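Summary of the model geometry
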Amino acid sequence: MAPSRLLLKRAPFQRGTIAAGLFLAASLLLVPRAAAQAPALRAQAPKVSKAPARPKLVVLLVVDQMRADYVDKFRSQWTGGLKRLVEEGAWFRDAAYPYAATETCVGHATISTGAFPATHGMVANAWWDRNAQKMVTCTSDPDPSVKNIGYAGATPKGADSAWRMAVPSFAEELKFQTSGATRIVTFSLKARAAITMAGHKADAATWFDGGAWVTSSVYGTLPFMEEQAKSHPAKADFGKTWTLSLPESSYWYGEKALGAVPPDGWDLTFPHPLRGKSGVGEPDSAFYEQWASSPFADTALTELAENAVDALKLGNSNGTDFLAIGYSPVDYVGHEFGPRSREIQDVLIRLDQDLGNLFAHLDSKVGRGNYVVALTADHGVVPIPEEMQTTGVDAGVLRLPEVQERIEKALEAFNYAKPVVARITGSDIYFATGVYEKLLADSNAMSAVLEAIRTAPGVAAVYRVEELRDRPATQSPTHRAFAYSYFPGRSGDLFILPKPYWLLDGTPLGKPRSYGTGHGVPYNYDQHVPVLLMGFGIQPGEYFQSITPADVAPTFAALCGITLASRDGRVLAKALMKPATPRAQTTSSPPRN
Ligand SMILES: [Zn+2]
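The paragraphs below set out a description of the structure included in this document. Everything numeric in this text was worked out from a predicted model, so none of it was measured. (Residues numbered from 1 in each chain as written. Predicted model: local features only at pLDDT ≥ 70, side-chain atom pairs only at ≥ 80, totals over all residues. Heavy atoms only, no water.)

With that out of the way, let us pick up the overall build of the protein. Check the secondary structure of the protein and you find 20 helices and 20 strands. In the protein, 75% of the contacts between residues at least 6 apart in sequence involve partners at least 24 apart. Total accessible area on the protein stands at roughly 22900 Å², and carbon and sulfur atoms take up 52% of it. (Helix = DSSP H or I, 4+ residues; strand = E, 2+ residues; numbered from the N terminus. Contact = heavy atoms within 4.5 Å. Areas by Shrake-Rupley, 256 points an atom, 1.4 Å probe, with all protein chains shown as cover.)

Structure below.
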């Protein structure tokens, strides 16, 4: 038997004893100390043991908008789960999305499927539907039999599912290929995260909408969720205050982030009270915005996941279960306060504590080493342009409505019926029906359009749809990025590449920006994210080769002994433990149900 697998078996036994003490001590600070004992425990591993051939539980953690450099900057202040991932896991320091549309739905679908948007088809959070002549979100489902369902009496609007995701998720493949023994459970504040991580069917996919936890009729509802939604509603956090966790001198940045736009009811400085718009009375929509932008929402997601582990006995069945959490607050905080803020630093300190609790819970209930965890992010974020400008670097705001006006004006001389542009969303320009086909046969008009876009402030380049089809061979990383993002029928006709540090902004002309900063372009600040793996079958260490988050699902698949049909990612073979003896000795019998 492989020594590595012996270690994996031995660790949970030892760890269980320590974990019990930990729970009694109820101290987060003990987690890293216990973790530090792990190498010594491993050295005492017995010679004979029956390690599981596959992980009992696969855990996917996606921290929305977590830049890779947050790990370098802030890890010395972490004492919980983020610290444990860095110190005991495999840390891939050069992980980046190779595609252009660095948005939430796209990133989660990529992590979940192991494919790029050109394959999985989730090209943006929302895109222009040419047939319906309207914007559609990536999870909106027009099937009249599909309805969203609220827990604890909530009556959510809408109907969401993964029907637009063109390939199965890793979790779906796992369930299918292991004869259904797998339970799939996902949580996030966002539908586009919970749904894409789960896939087309799941035992539970839960997100937050209008103050309540909700799911869709395509997924199951769970009794424990109903209980939890009733006993621990988000509104129970009304009146709490988000204060700094560490002394002021521990923070990298000043108390006010330049260009920040906090939620209604909050100042630019700590403390941030969760009391809604007016500061008194009942929970209102501003309260839920504050809550989603606070560490309290991360804690709520963690507690839901822990309850799911207990109620469903995840990791204790015949098969390999799948649990995913999309931690959304870092994204809300980043959009409001920017990446260079005390708020970002502090929300990560608190998330580190939540993850410490989660791992201690999994150690206790599933067994240390019986589960594998991956933590990554769906995209990064660009610094707030107004702050970036103080460095003297060329930075600014690329106003999409201004680009639209320029295109309309450029075609006035060519006899095109207005409006020629149906929609500009993100980088994608969609022309009104028939206009782009006409432009293709009208080179003077096309040149005028391209020139009008290229000369707009902040534009670096424009790509045409015909340059992106069939994944062209090109040395240009940005051209290739748009090709990896391109999906026929859903993507635009023309694609805007902003200059670096220029924010794509769709705010109507004359109105103030309602947020601090954003993401969604093929530059490293949006593409570069952490990838950390830990637990079953993972060889700890720091890894410097260039990888993408699409490699997470194929790596999970390799650990679980299944095959993904359509993948663009690769197995992170360097971070997998190598068996020293024939693998036949660790083969288990197939699941019975
Ligand atoms: Zn996101």
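Moving on from the model shown.
Given a rise of 1.5 Å per residue, 26 residues ought to cover 38 Å, and the 35 Å separating the end C-alpha atoms of helix 13 (residues 342–367) matches this to within 8%. Counting buried residues in helix 13 gives 22 out of 26 residues, a clear majority hidden from the surface. Gly369, located one to two residues past helix 13, shows a positive phi value of around 90 degrees. (Expected span 1.5 Å × (residues − 1). Buried < 20%, exposed > 50% of the residue type's maximum accessible area, 1.4 Å probe, protein only.)

Attention now goes to the side chain of Gln228. If you trace the backbone, Gln228 turns up in helix 9 (residues 223–231). At 2.5 Å, the side chain of Gln228 and the side chain of Asn307 are in polar contact. Excluding residues within four positions of it along the chain, Gln228 makes contact with Pro233, Glu303, Leu304 and Asn307. (Polar contact = N/O pair within 3.5 Å; in protein donor to acceptor, adjacent residues only side chain to side chain.)

This part covers the coordination of the zinc ion. Protein coordination at the zinc ion comes from Asp64 (OD), Thr104 (OG1), Asp378 (OD) and His379 (NE2), with a distance range of 1.9 to 2.2 Å. Of note is the zinc ion, whose four donor atoms meet at the metal with angles of 94 to 132 degrees in an arrangement that counts as tetrahedral. Along the chain, the residues that donate to the zinc ion are spaced as D-x39-T-x273-D-H. Linking Thr104 in helix 5 (residues 104–113) with His379 in the loop between strand 12 (371–376) and helix 14 (385–389), this pair joins segments that are 275 residues apart in sequence. Like His379, Thr104 is buried. (Donors = N, O, S within 2.8 Å, 3.2 Å for Na, K, Ca; no water. Tetrahedral: all angles 85-135°; square planar, octahedral: opposite > 155°, others 65-115°.)

Right, let's get into the nonpolar core. Counting residues in hydrophobic clusters, the biggest one holds 137 residues, and the most contacted among them are Phe170, Trp213 and Trp291. Here this core takes ten residues from helix 13, the largest share from any one element. Judged by nonpolar contacts, the second largest core, of 42 residues, contains Val459, Val462, Val465 and Tyr523. (Core = buried A, V, L, I, M, F, W, Y, C linked by side-chain atoms within 4.5 Å.)

Let us now look at the state of the cysteines. Evaluation of the coordinates by the stated rule reveals one disulfide. Note on cysteine connectivity: Cys105 is disulfide-linked to Cys138, with sulfurs 2.1 Å apart. Here the disulfide of Cys105 and Cys138 is right-handed, its torsion about the S-S bond being about 110 degrees. With Cys105 in helix 5 and Cys138 in the loop between strand 4 (134–137) and strand 5 (148–150), this pair connects stretches of sequence that are 33 residues apart. Judged by its relative accessible area of 0%, Cys138 is buried. (Disulfide = S-S within 2.5 Å.)

We now examine helix 7 (residues 170–177). Phe170, Ala171, Glu172, Glu173 and Leu174 are the residues of helix 7 that are buried. Contacts made by the buried residues of helix 7 are with strand 1 (57–63), helix 5, strand 6 (184–188), helix 8 (191–198), strand 11 (321–327) and helix 20 (552–560). Positive backbone phi, approximately 60 degrees, marks Ser179, located one or two places after helix 7.

Further remarks concern the pattern of salt bridges. Throughout the structure, instances matching the rule amount to 25 salt bridges. Across the pair Lys190 and Asp331 runs a salt bridge, and its minimum N-O distance is 2.8 Å. In this pair, Lys190 is assigned in the loop between strand 6 and helix 8 and Asp331 in helix 12 (residues 329–337), connecting sequence segments 141 residues apart. For the pair Lys190 and Asp331, a shared accessibility class is recorded, and that class is buried. Measuring nitrogen to oxygen at the nearest pair gives 3.9 Å for the salt bridge that ties Asp363 to Arg368. Assessed through its relative accessible area of 2%, Asp363 is described here as buried. Within the structure, one salt-bridge network assembled from shared partners comprises Arg84, Glu88, Asp363 and Arg368. (Salt bridge = Lys/Arg side-chain N within 4 Å of Asp/Glu carboxyl O.)

In this section: the packing of helix 9 against helix 11 (residues 295–312). One can describe the packing of helix 9 onto helix 11 by two numbers: an axis separation of 10 Å at closest approach and a directional angle of 140 degrees. Where helix 9 crosses over helix 11, the handedness of that crossing is right-handed. Where helix 9 approaches helix 11, its residues Phe224, Met225 and Gln228 are matched on the opposing element by Glu303, Leu304, Asn307, Ala308, Ala311 and Leu312. In terms of residue class, the contact of helix 9 with helix 11 is made up of six nonpolar, two polar and one charged. (Axes fitted to C-alpha atoms, helices over the stretch in contact; angles between N-to-C directions. Left-handed = near helix turned anticlockwise from the far one by under 90°. Nonpolar A, V, L, I, M, F, W, Y, C, P; charged D, E, K, R; others polar.)

Before going further, it helps to spend a moment on the sheet that holds strand 5. Strand order in this open sheet of ten strands is 5-8-7-6-11-1-12-19-2-20, and the pairing throughout is mixed. Lying at the two open borders of the sheet, with one neighbouring strand each, are strand 5 and strand 20 (541–543). Put simply, the sheet's adjacent strands are angled 20 degrees from each other on average, direction ignored. Contacting strand 2 (90–96), strand 12 and strand 19 (528–535), helix 4 (residues 81–88) crosses the sheet at an angle of about 80 degrees to strand 19. (Pairing = 2+ DSSP bridges.)

If you walk through the whole model with that rule in mind, you get 23 aromatic pairs. With centroids separated by 5.0 Å and ring planes inclined at 70 degrees, the aromatic side chains of Phe208 and Trp213 adopt a geometry described as edge-to-face. What makes Phe208 buried here is its relative accessible area of 12%. An aromatic cluster is present here, built from Phe208, Trp213, Phe238, Phe287, Tyr288 and Trp291 joined pairwise through their rings. The aromatic ring of Trp91 is capped on one face by Arg93, whose charged end is 4.0 Å from the ring centroid. It is Arg513 that lies over the ring of Tyr515; its NZ or CZ is 5.8 Å from the centre. (Phe/Tyr/Trp six-rings, centres within 6.5 Å; stacked < 30°, edge-to-face > 60°. Lys NZ or Arg CZ within 6 Å of the ring centre and 35° of its normal.)

Turning to the pairing of strand 2, a few remarks are in order. By the criterion of burial, strand 2 is predominantly enclosed, with five of the seven residues buried. In this sheet, strand 19 lies alongside strand 2 in antiparallel orientation, the contact comprising five bridges. Paired with Trp91 across the bridge in strand 19 is Leu532. Strand direction decides the pairing type here: strand 2 and strand 20, joined by three bridges, are parallel.

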